[in-house]
Amino acid sequence: DSVVQGRGIKCSLCTKVLKKIQALAGDNPDKAAVAAALQKGCRVLGQAMGKLCQRLVKKYQDQITDGLQNGDTPRDICNAMGICRS
């Protein structure tokens, strides 16, 4: 089923992006560190993925920021955003 497959691709993209952003933001990031990491994280993905990443980040920036500041795993954050299913 292509919706599930699409969701699976989005889910792995989401976790990959958030792992990258988490690494860039460092331990115990503040809002500014997360914002900078979100920008940088999307840029390193190349053009096509980067555009997708930018959209994801714009839409979910607060959730991503809160998740990273709470120490949630990338998978947990993607689940919370409804992109992955646990």
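To keep things clear, this report deals only with the structure shown in the data block. All values derive from a computational prediction rather than experimental measurement.

On to unusual backbone geometry, then. Positioned with a positive phi, Asn28 is a non-glycine residue whose angle comes to about 60°. Here Asn28 is to be found in the loop between helix H1 (2-25) and helix H2 (31-43). Among the residues examined, Asn28 registers a relative accessible area of 73% and is labelled exposed.

The next point concerns the environment of Asp62. Tracing the backbone through its elements, the reader meets Asp62 in helix H3 (residues 47-70). Taking the relative accessible area as the measure of exposure, Asp62 reaches 57% and is therefore exposed. Along the sequence, Asp62 and Val34 sit 28 residues apart, while their C-alpha atoms lie 10.0 Å from each other.

Turning next to the side chain of Thr15. Assignment of secondary structure puts Thr15 in helix H1. Take Thr15: its relative accessible area is 12%, and that puts it in the buried class. Within polar-contact distance, the side chain of Thr15 engages the backbone oxygen of Ser12 at 3.0 Å.

Criteria and thresholds
Residues numbered from 1 in each chain as written. Predicted model: local features only at pLDDT ≥ 70, side-chain atom pairs only at ≥ 80, totals over all residues. Heavy atoms only, no water. Helix = DSSP H or I, 4+ residues; strand = E, 2+ residues; numbered from the N terminus. Buried < 20%, exposed > 50% of the residue type's maximum accessible area, 1.4 Å probe, protein only. Polar contact = N/O pair within 3.5 Å; in protein donor to acceptor, adjacent residues only side chain to side chain.

So, to be careful, I would describe these as geometric facts and stop short of saying anything about function.
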